[in-house]
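Tertiary structure, described
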Amino acid sequence: MANDTQLFQAIISHAKEYGFIFPSSEIYDGLQAVYDYGQMGSELKKNIKDHWWKSMTQLRDDVVGIDAAIFMHPTTWKASGHVDNFNDPMIDNRDSNKRYRVDHLVEAHAETLKAAGKEKEAASLVTAMESLLAADDFTGLKKLIEENRINCAVSGTCNWTDIRQFNLMFATEFGATSGEEDNKVYLRPETAQGIFVNFLNVQKTGRMKVPFGIAQVGKAFRNEIVARQFVFRMREFEQMEMQFFVRPGTQQQWYAYWKEQRLQWHLALGLPAEKYRYHDHIKLAHYADAACDIEFDFPIGFKELEGIHSRTDFDLRQHQEYSKKKQQYFDNDVDPATGKPYGNYIPYVVETSIGLDRMFLAVLSHAYQEQDLSTPDKQDSRVVLKFPPKLAPIKMAVLPLNKKDGLPEIALDIINTCKQDFRCFYEEKDSIGKRYRRMDALGTPFCVTVDYQTKEDQTVTIRHRDSMQQERVPIARLRDLVNEAL
Ligand code: ATP
């Protein structure tokens, strides 16, 4: 594969051709930055979600899950700061009328500098931008763009408007009468607020003791301006978030804990450490006292995959103020400094927030491999998706060598025995070689072939996706063999 752009295009085409991801409402030419997951993609996505859910809730005794509604009382978004602050600085090119997020425009220019070997210039440009963004210095930012002759990709000119803020929330109307401000509701731009407003419900009904966490997986919506990076940046996407409520003063220690814990979760899936790095934030969001991104090396470069944020007591305090309902917790553990219980306080929060679709892209892009299998006598190649077996959409394909002589019946029997445990797939069309290639392209870790010997001795061939090695095993061992790999 010649370069990363071609690799990215190849992955996008593969995702479509094999039923992972389709452009939304494609028969009407699609809807920008909205995608549908197909028969394979929805399985992979669900497996990622289940894996996250299990490790965050079932395997821990201090985190529980909820499923809050997408619509929330509009005051929620006043209190959270999203109505006033959920903005990105944007700039328009006067000649093309194209709008850019300022940070994306500058970062893209830094990438071209890097590609031209000007690493130092690129780094100092990004540093300058970050400090101007941190100071909300829009005049300075515009000057930076002009001085560096950063041009619009469409018009090629440097004829820019002033920088303005643009709110990313989608609004819609509730109920029958339209046009009234009172009816305005938002599609949630993050799942976190559904957790904050339920903090006391969960704490009381679940008899939870601080420190504890609440996890949630669900849709979020953002009117992204630059949305051309496949499922990396969508207008409708899914988040897997967890808010961990802690005693004030302990947030730095929990922040360090979750930063480490979350990276380990990624590595435990078998994704390589060199594809990950931390990016500590200089400009902190209005609610945070520390924040970092876990970045992944996507085919479009190192980009944010997950955010870890120490959000202080900002959200609960704001909800207390706007709702006039106390959001306090009574801690009866004894403070060794005073010899008395810690008493009432609003807990601090450490958040872990990962985009499910970005995780999907990370897993898919890492799994995708084009392999040359040519020998001196024969040209050959394959595309294989080397998914971690537990995430693969199909775990085991069962392939009868022939459509007759009782082989399909044996194959279907094997599927009936195993399908309660994991997802199986039956395929009898085409040669075995072609069927193997198709299963490689779908990322199926095991292919089982039923042949004439099976009728004699109840054994089958099992072929391993990554090594392409085959071995003969008794049918009775199959279920355990696959279960062990999962
Ligand atoms: P970015 O800087 O890339 O816009 P963000 O910092 O705004 O992301 P957060 O608000 O921290 O993102 O959201 C948490 C996670 O949700 C992100 O780490 C990312 O994985 C995911 N996410 C955010 N926006 C999108 C989007 N438009 N499409 C897909 N996933 C997203």
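Rules used throughout
- Residues numbered from 1 in each chain as written.
- Predicted model: local features only at pLDDT ≥ 70, side-chain atom pairs only at ≥ 80, totals over all residues.
- Heavy atoms only, no water.
- Helix = DSSP H or I, 4+ residues; strand = E, 2+ residues; numbered from the N terminus.
- Buried < 20%, exposed > 50% of the residue type's maximum accessible area, 1.4 Å probe, protein only.
- Areas by Shrake-Rupley, 256 points an atom, 1.4 Å probe, with all protein chains shown as cover.
- Lys, Arg positive; Asp, Glu negative; His and termini not counted.
- Charge placed at Lys NZ, Arg CZ, Asp CG, Glu CD.
- Domains from an automatic or database assignment.
- Core = buried A, V, L, I, M, F, W, Y, C linked by side-chain atoms within 4.5 Å.
- Contact = heavy atoms within 4.5 Å.
- Near = heavy atom within 4 Å.
- Polar contact = N/O pair within 3.5 Å; in protein donor to acceptor, adjacent residues only side chain to side chain.
- Nonpolar A, V, L, I, M, F, W, Y, C, P; charged D, E, K, R; others polar.
- Phe/Tyr/Trp six-rings, centres within 6.5 Å; stacked < 30°, edge-to-face > 60°.
- Lys NZ or Arg CZ within 6 Å of the ring centre and 35° of its normal.
- Pairing = 2+ DSSP bridges.
- Axes fitted to C-alpha atoms, helices over the stretch in contact; angles between N-to-C directions.
- Parallel < 35°, antiparallel > 145°, perpendicular 65-115°, else oblique.
- Left-handed = near helix turned anticlockwise from the far one by under 90°.
- Expected span 1.5 Å × (residues − 1).

**Quick notes on the overall build of the chain**
In terms of helices and strands, the chain carries 16 helices and 23 strands. Burial statistics for the chain: of 486 residues in total, 50% are counted as buried. As presented, the chain carries roughly 23,500 Å² of accessible surface, and 48% of it is formed by carbon and sulfur atoms. Taken together, the 62 basic and 70 acidic charged side chains of the chain have centroids lying 1 Å from each other.

**Looking at the domain arrangement of the chain**
Many descriptions give the size of an interface as the accessible area lost when the pieces come together. Examined at the domain level, the chain breaks down into domain 1 (4-70 + 186-364), domain 2 (87-167) and domain 3 (394-485). Distance between the C-alpha centres of domain 2 and domain 3: 54 Å.

**Focus: the nonpolar core**
Grouped together as the largest cluster of nonpolar side chains are 66 residues, with contacts concentrated most on Phe-20, Ile-48, Trp-52, Met-359 and Phe-387. The leading source of residues in this core is helix H12 (residues 356-367), at 8 residues. Mapped onto the domain boundaries, this core takes at least three residues apiece from domain 1 (4-70 + 186-364) and domain 3 (394-485). In this structure, Trp-52 is in contact with Ala-215, Gln-216, Val-217, Met-240, Glu-241, Met-242, Arg-262, Trp-265 and Ile-354, ignoring residues within four places of it in sequence. Grouped together as the second largest cluster of nonpolar side chains are 21 residues, Ala-122, Phe-138, Leu-144 and Cys-158 included.

**A short note on the site of the ligand**
Around the ligand lies a shell of 16 residues, among which Glu-224, Arg-233, Met-234, Glu-304 and Leu-305 are the nearest. Contact between the ligand and Phe-232: a nitrogen atom at 3.4 Å from a main-chain N or O atom of the residue. About the coverage of the ligand: the protein hides 86% of its 590 Å² of free accessible area. Of all the secondary structure elements, the ones that give two or more residues to the shell around the ligand are strand S10 (236-246), strand S13 (301-312) and strand S16 (348-355). With 5 residues, S13 is the single largest residue contributor to the shell around the ligand. Grouping the constituent residues of the shell around the ligand by class yields 4 nonpolar, 5 polar and 7 charged.

**Some thoughts on the packing of aromatic side chains**
This structure, assessed with the given rule, holds 19 aromatic pairs. Taking the centre distance of 5.2 Å and the plane angle of 80° together, the rings of Tyr-35 and Phe-230 count as edge-to-face. Separated by 195 residues along the polypeptide, Tyr-35 in strand S2 (residues 35-37) and Phe-230 in the loop between strand S9 (212-221) and S10 bring together distant segments of the chain. Between Tyr-37 and Phe-360 the ring centres are 5.0 Å apart and the planes differ by 75°, which places this aromatic pair in the edge-to-face class. On the criterion of sequence distance, the pair formed by Tyr-37 in strand S2 and Phe-360 in helix H12 is long-range, its members being 323 residues apart. The exposure classification of Tyr-37 matches that of Phe-360, with both residues buried. Among the aromatic residues, those joined into a ring-pair cluster are Phe-196, Phe-199, Phe-212 and Phe-245. Note that Arg-358 overlies the ring of Phe-232, its terminal NZ or CZ placed 3.7 Å from the centroid.

**Observations regarding the pairing of strand S14 (residues 329-335)**
Side chains on a regular strand alternate between the two faces of the sheet. Note that S14 and strand S15 (residues 340-345) share 5 bridges and pair antiparallel. In the sheet register, Tyr-329 faces S15, and the bridge partner there is Tyr-345. Remark: 4 residues form the turn of the hairpin made by S14 and S15, two consecutive strands paired antiparallel; Gly-339 in that turn has positive phi of roughly 75°.

**Quick word on the pairing of strand S12 (residues 290-298)**
Summarising burial for S12: 8 of the 9 residues are buried, a large majority. Taken together, the 5 bridges between strand S11 (residues 276-280) and S12 define a ladder with antiparallel strand orientation. Note that in S12 the partner of Tyr-276 across the bridge is Phe-296. Relative to S13, S12 runs antiparallel, the two being bridged by 9 bridges. Along S13, the bridge assignment pairs Cys-292 with Ile-308.

**Thoughts on the packing of helix H5 (residues 102-115) against helix H6 (residues 119-134)**
The description of two helices packed together rests on the angle between their axes and the distance between the axes. In the contact formed by H5 and H6, the axes pass within 7 Å of each other and the chain directions differ by 165°. The angle between H5 and H6 falls in the class roughly antiparallel. Seen along the crossing, H5 lies across H6 with a hand that is left-handed. Residues Val-102, Asp-103, Val-106, Glu-107, His-109, Ala-110, Leu-113 and Lys-114 of H5 touch H6, and the partners they reach there are Glu-119, Glu-121, Ala-122, Leu-125, Val-126, Met-129 and Leu-133.

**Examining helix H1 (residues 4-17)**
Here H1 is 14 residues long and its end C-alpha atoms lie 20 Å apart, about the 20 Å a rise of 1.5 Å per residue gives. The elements touched by buried residues of H1 are strand S1 (21-23), H12, strand S17 (368-372), strand S18 (381-385) and helix H14 (432-442). Looking at the residues trailing H1, positive phi occurs at Gly-19, about 75°.

**With respect to the packing of helix H13 (residues 407-418) against helix H16 (residues 475-485)**
Relative to each other, H13 and H16 sit at 40°, their axes nearing to 10 Å. Considering the angle they form, H13 stands oblique to H16. When you trace H13 past H16, the crossing you get is right-handed. Of the residues in H16, those in contact with Ile-410, Ile-414, Thr-417 and Cys-418 of H13 are Ile-475, Leu-478 and Arg-479. For the contact of H13 with H16, the per-class residue count stands at 5 nonpolar, 1 polar and 1 charged.

**With respect to the sheet that holds S10**
The 7 strands lie next to each other as S3-S9-S10-S16-S13-S12-S11, forming an open sheet whose pairing is mixed. Unpaired on one side and paired on the other, strand S3 (63-65) and S11 mark the two borders of the sheet. With direction set aside, neighbouring strand axes in the sheet form an average angle of 25°.

**Brief notes about the sheet that holds strand S6 (residues 164-167)**
On the basis of which strands lie adjacent, the open sheet formed by 3 strands has the order S5-S4-S6 and antiparallel pairing. Among the strands making up the open sheet, the edge pair consists of strand S5 (99-101) and S6. Adjacent strand axes in the sheet meet at a mean angle of 50°, parallel and antiparallel pairs treated alike. As defined by bridge partners, strand S4 (residues 87-92) adjoins S5 across 3 bridges and the pair is classed as antiparallel. Directly across from Ile-91, in S5, lies its bridge partner Tyr-100.

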